[in-house]
Amino acid sequence: VLSSPVPFRDFSSLVNYASNPILPQNTNTYNAGGTEDPYVNPAVKIGGLYYAPTNQTITGVNRNNWVNMSIYSGTDFLHWTDISASNPIWSTATGQWDDHYMLHPSLVVGAGPDTYCIYYSAMNAGVSSSIGLATASTITGPWTKYAGNPVITALNGQGGGLCNKPSLPSIITIGSTLYMYTAINDNNSDRIVYWTSPLSDGINWTFGGIAIYPSISG
């Protein structure tokens, strides 16, 4: 947290928040092994609450294998409540494209195939990451994985080979278009690429090219 506003990228005034952690692990069986990657869009406030989807894992599971997706609500960005009745909102599926782990959920409201959509990256046991979608008509669920998952696959070749194994989606809306920014190469990316989809679609995505190049050689 910052004690007062400071210029962008000046982190010299950052101090540790006294009430950390704001999203603890080991409060339920589905997050006993860890809680990671809360992603909050400040523009999304529903009924006076913000919502933070997170990936979580259970006791005895390696923390590289995030098997559950859960969601928390908060009146601000520091105080969060576990929505226990709906958590986990979904889990990985053995033998499927997401059976290894899930990461970086990105919540979209009022766009795509249902009222609430969460896009996330997942990896299979063969170590190939792709982008999936889950939808719900209410923020607390029930959440349903899109039957045609993944919506963006681990392609090789599209865009000159630059969209290989997309992961870690972040989505914004500009006009009537959804823009998804992803890393590539199974989270080991040296650049960020982007994809677009009509606001009312959210399932069919078109590769747009490189959004951010490496800042330095290597």
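Our subject is the structure that appears above.
These lines cover the structure that appears in this document, whether it is placed above or below. (Residues numbered from 1 in each chain as written. Predicted model: local features only at pLDDT ≥ 70, side-chain atom pairs only at ≥ 80, totals over all residues. Heavy atoms only, no water.)

### Topic: the pairing of strand β3 (residues 68–74)
Among the seven residues of β3, seven are classified as buried, and the element is accordingly described as predominantly covered. Side chains Asn68, Ser70, Tyr72 and Gly74 project from β3 onto one buried face, and the interleaved Met69, Ile71 and Ser73 project onto a second face that is buried too. Note that strand β2 (residues 50–57) and β3 share seven bridges and pair antiparallel. In the strand pairing of β3, Asn55 is matched with Met69. The pairing of β3 with strand β5 (residues 90–91) spans two bridges and is classified as antiparallel. For Met69, the partnering residue across the bridge sits in β5 and is Trp90. Examined bridge by bridge, β3 and strand β4 (residues 80–82) share three bridges and lie antiparallel to one another. If you follow Gly74 over to β4, its bridge partner there is Trp80. A loop of five residues connects β3 with β4, the two strands running antiparallel in sequence. (Buried < 20%, exposed > 50% of the residue type's maximum accessible area, 1.4 Å probe, protein only. Helix = DSSP H or I, 4+ residues; strand = E, 2+ residues; numbered from the N terminus. Pairing = 2+ DSSP bridges.)

### Remarks on the nonpolar core
Counting residues in hydrophobic clusters, the biggest one holds 19 residues, and the most contacted among them are Tyr51, Ile89, Trp90, Leu107, Tyr120, Ile139 and Trp143. Among the elements that line this core, the one with the most residues is strand β7 (residues 116–123), at four residues. Core analysis: the second largest hydrophobic core is formed by 18 residues, Ile152, Ile184, Val193 and Ile203 among them. (Core = buried A, V, L, I, M, F, W, Y, C linked by side-chain atoms within 4.5 Å.)

### Observations regarding the sheet that holds strand β11 (residues 177–183)
The four strands lie next to each other as β10-β11-β12-β13, forming an open sheet whose pairing is antiparallel. Each end of this open sheet is capped by a strand with a single partner; those strands are β10 (167–174) and β13 (206–212). Each neighbouring strand pair of the sheet contributes to a mean axis angle of 30°, computed without reference to strand direction. For β11 and strand β12 (residues 192–198), the ladder comprises six bridges, and the chain directions are antiparallel. Residue pairing for β12: Thr182 is matched across the bridge by Val193. (Axes fitted to C-alpha atoms, helices over the stretch in contact; angles between N-to-C directions.)

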